[in-house]
Amino acid sequence: MSLKARQQNILKLQAAKAAVDLIRPKLSSDSIVGVGTGSTANCFIDALAEIKNHFDAAVASSQSSAERLSQLGIKVLELNAVNEVLVYVDGADEVDPNRALIKGGGGALTREKIVAASAQEFICIVDESKLVDMLGKFPLPVEVIPMARGLVARDLTAMGGQPILRSGFSTDNGNLILDVREFLIPDPAAAETAINNLVGCVCNGIFAAQAADQVIVARPDGVTLL
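These notes cover the structure that comes with them. (Residues numbered from 1 in each chain as written. Predicted model: local features only at pLDDT ≥ 70, side-chain atom pairs only at ≥ 80, totals over all residues. Heavy atoms only, no water.)

What to know about the nonpolar core
Turning to step 1, where the next piece is worked out: Counting 29 residues, the largest nonpolar core has Val-33, Val-35, Phe-44, Leu-48, Leu-69 and Ile-125 as the members making the most contacts within it.
Turning to step 2, where the next piece is worked out: If you list the elements that add at least two residues to this core, you get helix H1 (3-23), strand E1 (32-35), helix H2 (39-48), strand E2 (57-60), strand E3 (85-90), strand E6 (119-127) and strand E12 (214-219).
Turning to step 3, where the next piece is worked out: For this core, the element with the most residues is H1, which contributes seven residues.
Turning to step 4, where the next piece is worked out: Ignoring sequence-local partners within four residues, the contact set of Leu-48 consists of Val-20, Ile-23, Val-33, Val-35, Phe-55, Leu-69 and Ile-74. (Core = buried A, V, L, I, M, F, W, Y, C linked by side-chain atoms within 4.5 Å. Buried < 20%, exposed > 50% of the residue type's maximum accessible area, 1.4 Å probe, protein only. Helix = DSSP H or I, 4+ residues; strand = E, 2+ residues; numbered from the N terminus. Contact = heavy atoms within 4.5 Å.)

Now the structure itself:
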């Protein structure tokens, strides 16, 4: 692992621990915590295990996160089995100044958006490298029905993007991911709606309608809130 990667991992851990410190006072014996997917979310899961007796259970946005939670002794429930999710904590691939996000680098964007929408509060945890002035440098993930792959790709091309099929990957929902490159997003809410309206699109990785309520940003000189 490179020095840069090690330093980034340290920042992810700092952000994850800060999230646990932030949510701990809000937890009760019947609280349900929503948990995201990816390397930063994994750091949060590990930190969350240290306070697993402070809440009832977790809802995971992916099978991989559910497995990690279970291995650490945290009860995992299906979203349909709970009435309310107190807080959802997850990472992001990009964060703009208005806390709109690009998510889905790990391919779990649809389930992430569902759990985020179910939670009273959405807390995003990132290191400072994920902050951008405008979304779009990171390729935008779009989940599509397999038979609509070509149709959606053509529509995304007409919108100015360069969609590339994520090779050898299928989502937990059994669908495909198109990663859209060269697609700057000056109006995240409008772009999110337009792409979601494409026939054959399941969901896209812009989180504007469901933007983060708080963003914890880890920097070398400490942790800040956006």
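Moving on, there is more to tell.
Some thoughts on the packing of aromatic side chains
Turning to step 1, where the next piece is worked out: Taken as a whole and assessed by the stated rule, the structure comprises two aromatic pairs.
Turning to step 2, where the next piece is worked out: With a centroid separation of 5.3 Å and an interplanar angle of 45 degrees, the aromatic rings of Tyr-88 and Phe-122 are classed as tilted. You can see Tyr-88 sitting in strand E3 and its partner Phe-122 sitting in strand E6, a full 34 residues away along the chain.
Turning to step 3, where the next piece is worked out: A residue is classified by how much of its surface remains accessible, and Phe-122, at 0% relative accessible area, is buried.
Turning to step 4, where the next piece is worked out: Arranged with centres 6.3 Å apart and planes meeting at 55 degrees, the rings of Phe-122 and Phe-207 form a pair that is tilted. Of this pair, Phe-122 sits in strand E6 while Phe-207 sits in strand E11 (residues 206-207); the two residues are 85 residues apart in sequence, bridging distant segments of the chain.
Turning to step 5, where the next piece is worked out: Here the aromatic cluster, defined as three or more aromatic residues joined through ring pairs, consists of Tyr-88, Phe-122 and Phe-207.
Turning to step 6, where the next piece is worked out: Of note, Lys-113 hangs over the ring of Phe-207, and the distance from its end group to the ring centre comes to 4.9 Å.
Turning to step 7, where the next piece is worked out: Just above the ring of Phe-169 sits the side chain of Arg-166; from NZ or CZ to the centre is 5.3 Å. (Phe/Tyr/Trp six-rings, centres within 6.5 Å; stacked < 30°, edge-to-face > 60°. Lys NZ or Arg CZ within 6 Å of the ring centre and 35° of its normal.)

Digging into the sheet that holds E2
Either a parallel or an antiparallel arrangement is found when strands of a sheet pair, and the pairing is made through backbone hydrogen bonds.
Turning to step 1, where the next piece is worked out: The sheet built from six strands is open, its strands ordered E2-E1-E3-E6-E12-E13 with mixed pairing. For this open sheet the edge positions go to E2 and strand E13 (222-225), each flanked by a neighbour on one side alone. Shown here is a sheet whose adjacent strand axes are inclined to one another by a mean of 20 degrees, direction ignored.
Turning to step 2, where the next piece is worked out: When E3 meets E6, the two strands line up parallel, connected through five bridges. What sits directly across from Val-85, in E6, is Ala-119.
Turning to step 3, where the next piece is worked out: Each of E1, E3 and E6 touches H2; the most contacted strand, E1, lies at about 150 degrees to it. (Pairing = 2+ DSSP bridges. Axes fitted to C-alpha atoms, helices over the stretch in contact; angles between N-to-C directions.)

Topic: the sheet that holds strand E5 (residues 101-102)
Turning to step 1, where the next piece is worked out: As summarised here, the arrangement of the three strands in space is E4-E5-E11, forming an open sheet in which the pairing is antiparallel. The open sheet has two edge strands, strand E4 (94-95) and E11, and neither has a second partner.
Turning to step 2, where the next piece is worked out: Pairing of E5 with E11, which is carried by two bridges, proceeds in the antiparallel orientation. Its bridge partner lying in E11, Leu-101 is registered against Phe-207.

Considerations on the environment of Asn-53
Turning to step 1, where the next piece is worked out: Following the sequence through the fold, Asn-53 ends up in the loop between H2 and E2.
Turning to step 2, where the next piece is worked out: Looking at Asn-53, the relative accessible area reads 73%, which means it is exposed.
Turning to step 3, where the next piece is worked out: C-alpha separation for the pair Asn-53 and Ser-28, spaced 25 residues apart in sequence, amounts to 9.3 Å.

Description of unusual backbone geometry
Turning to step 1, where the next piece is worked out: Backbone geometry at Arg-99 places phi at a positive 70 degrees, although glycine is not the residue there.
Turning to step 2, where the next piece is worked out: By the element assignment, Arg-99 lies in the loop between E4 and E5.
Turning to step 3, where the next piece is worked out: A relative accessible area of 28% places Arg-99 in the partly exposed class.

Let's talk about the packing of H2 against helix H3 (residues 63-71)
Turning to step 1, where the next piece is worked out: Remark: H2 packs on H3, axes separated minimally by 10 Å, with the N-to-C direction vectors making an angle of 20 degrees. Considered as vectors, H2 and H3 are oriented roughly parallel to each other. With respect to the hand of their crossing, H2 and H3 are arranged in right-handed fashion. Facing H2, whose interface residues are Asn-42, Ile-45, Asp-46 and Leu-48, H3 presents Ser-65, Arg-68 and Leu-69.
Turning to step 2, where the next piece is worked out: The residue inventory of the contact of H2 with H3, partitioned by class, reads three nonpolar, two polar and two charged. (Parallel < 35°, antiparallel > 145°, perpendicular 65-115°, else oblique. Left-handed = near helix turned anticlockwise from the far one by under 90°. Nonpolar A, V, L, I, M, F, W, Y, C, P; charged D, E, K, R; others polar.)

Remember, this is a structural readout, not a statement about activity or role.
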